[in-house]
Amino acid sequence: MKKVVILIGVPGSGKGTQAQKLIQEYGYCHISTGDLLRKLEKDMHADPVERQQLQDMKSGKLVADELIYTLAFRALDACFTKEGGAILDGAVRTLAQAERFYTYFVEHNMLNEICVVELYIPDESISQRIRARVADGEGRPDDVRPEVIQNRIAQQGNMAIAPIVSFFKEKDILLRIDGTQDIEVVYNKLLECVKKDT
Ligand code: AMP
């Protein structure tokens, strides 16, 4: 089993759903940077500078890379201390982040232990899926505002994540799965990558 699963995909592509299934079956630590940021937002004792950087999240924009590294590496280190595996859910959303996380795994001598998966859905499906999430009561607090959704598509849509996809493709460690398929079909494909020995 791979020790780290890196899930890449536009908002609404099913990263959270697939992460939950892996966690239930294999007990990975769930490192969702969106969840970590929302937790930080509620933490009145957190570093004010870090909390200030959350303004971008509220408008659907990306927050500063450095804040992501602080939160994600802290969570990864805690997970590895418990000898667990980890799922990085939405933690890689810029090319700089892709490079930084890749370097982290090289430095930790873990390149053979990571599985990078892109859940692909077309941009046209993003707002529809985000709205469906709200209707199901699973939406993010800001999912309902049209301008926020537009910002998310502009900053986190397929054009925006293309350089990340290319980066991992060039490293020959990317599995692309059609995320419009049935949840179970996607999950079984994901498992092929997760269970690969090398
Ligand atoms: P999510 O719950 O994963 O959709 O994330 C909610 C929001 O958190 C996003 O719209 C971004 O503003 C912010 N965010 C989450 N992960 C990242 C990341 N890796 N880089 C920058 N911003 C992020």
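The sections below set out a description of the structure shown in this document. All values reported here derive from a predicted model rather than from experimental measurement.

Cut-offs applied
Residues numbered from 1 in each chain as written. Predicted model: local features only at pLDDT ≥ 70, side-chain atom pairs only at ≥ 80, totals over all residues. Heavy atoms only, no water. Disulfide = S-S within 2.5 Å. Helix = DSSP H or I, 4+ residues; strand = E, 2+ residues; numbered from the N terminus. Buried < 20%, exposed > 50% of the residue type's maximum accessible area, 1.4 Å probe, protein only.

A short note on the state of the cysteines
Inspection of the entire model under this criterion finds two disulfides. Here cysteine 29 connects covalently by a disulfide to cysteine 79, the sulfurs 2.2 Å from one another. Its S-S torsion of approximately 90 degrees makes the covalent link between cysteine 29 and cysteine 79 right-handed. Linking cysteine 29 in strand S2 (residues 29–32) with cysteine 79 in helix H5 (residues 65–81), this pair joins segments that are 50 residues apart in sequence. Residues cysteine 29 and cysteine 79 agree in their burial class; the two are buried. Between the sulfur atoms of cysteine 115 and its disulfide partner cysteine 193 the distance amounts to 2.1 Å. Disulfide cysteine 115-cysteine 193: torsion about the S-S bond near 140 degrees, hence right-handed. Of this pair, cysteine 115 sits in strand S4 (residues 114–120) while cysteine 193 sits in helix H10 (residues 183–194); the two residues are 78 residues apart in sequence, bridging distant segments of the chain.

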